[in-house]
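Summary of structural features
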Amino acid sequence: MTDNKSTPLVIKLGGAALSCTETLSQVFGAIANYQKQAQRRIVIVHGGGYLVDDLMAKLQLETVKKDGLRVTPYDQIGVITGALAGTANKMLQGQAIKDGLNAVGLSLADGGLCHVEELDPELGAVGKATPGDSTVLQAILAAGALPIISSIGLTEQGQMMNVNADQAAVAVAGALDAELVLLSDVSGVLDGKGHLIKSLDEQQAQSLIQGQVITDGMIVKVNAALEAANDLGRPIEVATWRYPEKLVELFAGQSIGTQFLPQQ
């Protein structure tokens, strides 16, 4: 990553960070510090799988995953939208406000930011997001606010759709022509011995998937990162929020996780 202050930075925030107030506060603190230093436009895109899992359990609804993606029956999308675009979004917005940031809560549909359509009928109300119009988002950034965007989108028919948050972040970065960091519970991609792999291209990643070194939900993340690197034409970083003291270095362009390289 290069620290190009004129290029916006999209940070995908995921995993258990959303359930740990202390960690979130440190992440937002790092963002606030970096914004003061660099005067850079930052956008957060988030999921909230654990919140959805909790809610589904309370409602006694079964959670089914297919290739790392949550199957979302159309009759449950309202509940899932409530958890992601409602509870998770406002929780993050509330924490950001508490940490001194001027946060605005949005979804993928706002201002036509991302086009969303059904990904696969077998998955139900799961959407595929592609970059749309970033005019409204740019206006919010120009006003000095921090947009916090849930991974819920709307189709052209107004149908609510649940989009994988990594894929949503890629679409938002595409709409903004931004750099992208995928922050999660994991420090990056680990090799068979548990060591961090500093950089990966498509071929290396596919051989690790075939060798079952990369499995389950990580496959979705890796494929999203590779797709993003190719679509955006720049390296994409997958890193962890677990060491908030390293985040300012990361935002300023140093690699602390695994960098995914675009195809040459």
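The model shown is predicted, which means the values in this text are computed figures rather than measured ones.

Judged by nonpolar contacts, the single largest core of 47 residues is most densely connected at Val-10, Val-172 and Leu-180. Ignoring any residue separated from it by four or fewer positions in sequence, one finds Val-172 in contact with Val-10, Val-43, Val-45, Leu-108, Leu-113, Cys-114, Leu-137 and Ile-149. Core analysis: the next-biggest nonpolar cluster, separate from the first, contains 31 residues, Ile-11, Ala-38, Leu-101 and Trp-241 among them.

Our next topic: the UniProt feature "site: Transition state stabilizer" (unreviewed entry) in the protein. Within this numbering scheme, the UniProt entry marks Lys-12 and Lys-221 as carrying the feature "site: Transition state stabilizer" (unreviewed entry). Taking the farthest pair of C-alpha atoms as the criterion, the annotated set spanning 210 residues converges on one region, since that pair is 11.0 Å apart. Lining the largest pocket, from the set of annotated residues above, are Lys-12 and Lys-221. Examined against the element boundaries, Lys-12 turns out to sit in strand 1 (residues 9-13). Take Lys-12: its relative accessible area is 6%, and that puts it in the buried class. If we skip the residues at most four places from it in the chain, Lys-12 touches Val-45, Ala-165, Asp-166, Ala-169, Val-181, Leu-182, Leu-183 and Lys-221. Within the structure, the side chain of Lys-12 is placed 3.2 Å from the side chain of Asp-166, a separation counted as a polar contact. Tracing the backbone through its elements, the reader meets Lys-221 in helix 7 (residues 216-232).

Packed helix pairs are characterised by how far apart their axes lie and by the angle those axes make with each other. Direction vectors running N to C along helix 6 (residues 202-210) and helix 7 enclose 170°, while the axes themselves pass 11 Å from each other. With respect to their mutual orientation, helix 6 and helix 7 come out roughly antiparallel. Regarding helix 6 and helix 7, the two cross each other, and that crossing is left-handed. Across from Glu-202, Ala-205, Gln-206 and Ile-209 in helix 6, the residues of helix 7 making contact are Ile-219, Val-222, Asn-223, Leu-226 and Asn-230. Looking at the contact of helix 6 with helix 7 residue by residue, the classes come out as five nonpolar, three polar and one charged.

Here we have four strands laid out as an open sheet, ordered 6-7-10-9, and mixed in their pairing. Here the strands that pair on one side only, and so sit at the sheet edges, are strand 6 (114-118) and strand 9 (152-154). Mean inter-strand twist for the sheet, computed between neighbouring axes without regard to direction, equals 50°. One ladder, built from three bridges, connects strand 9 with strand 10 (residues 160-163); its direction is antiparallel. The partner of Gly-153 across the bridge, within strand 10, is Met-161. Packed on one face of the sheet, helix 3 (residues 77-98) meets strand 9 and strand 10 and runs near 60° to strand 10.

Rules used throughout
- In this convention, every chain numbers its residues from 1, walking through the sequence in written order.
- Under the rules for a predicted model, residues below a pLDDT of 70 receive no local features and side-chain atom pairs below 80 are neither given nor counted, while totals for whole chains, interfaces and linings still include all residues.
- Where side-chain values are given, they derive from all heavy atoms of the structure, hydrogens and water being excluded.
- Put simply, a nonpolar core is a bunch of buried Ala, Val, Leu, Ile, Met, Phe, Trp, Tyr and Cys residues held in one set by side-chain atoms that sit within 4.5 Å of each other.
- Only protein chains enter the accessibility calculation, which uses a 1.4 Å probe; a residue whose area is less than 20% of its type maximum is buried, one above 50% is exposed, and one in between is partly exposed.
- In this analysis, two residues are considered to be in contact whenever any of their non-hydrogen atoms come within 4.5 Å of each other.
- UniProt positions are given in the numbering used here, feature names are shortened, and annotations may be inferred rather than shown by experiment.
- The method works on a 1 Å grid over the protein atoms by themselves. A cavity is a set of points holding a 1.4 Å probe that cannot get out, a pocket is an open set with protein on both sides within 12 Å along at least five of seven lines, and residues with an atom within 4 Å of a point line them.
- Helical segments are the DSSP runs of H or I of at least four residues, strand segments are the runs of E of at least two, and each set is numbered from the N terminus.
- In protein, a polar contact means a hydrogen-donor-capable atom and an acceptor-capable atom, both N or O and within 3.5 Å, with residues adjacent in sequence counting only if both atoms are side-chain atoms; elsewhere, any N or O pair within 3.5 Å suffices.
- In this analysis, axes come from line fits to C-alpha atoms, helices being fitted only over the stretch in contact, and the angle between any two N-to-C directions falls in the range 0 to 180 degrees.
- Reported orientations rely on four angle classes, namely roughly parallel under 35 degrees, roughly antiparallel over 145, roughly perpendicular from 65 to 115, and oblique for the rest.
- Here is the rule for handedness: rotate from the far helix to the near one, and if that takes an anticlockwise turn smaller than a right angle the crossing is left-handed, while a clockwise turn gives right-handed.
- Here the nonpolar group is Ala, Val, Leu, Ile, Met, Phe, Trp, Tyr, Cys and Pro; Asp, Glu, Lys and Arg are the charged ones; every other residue, Gly included, is treated as polar.
- Strand pairing follows a simple DSSP-based rule, namely that at least 2 bridges must link the two strands.

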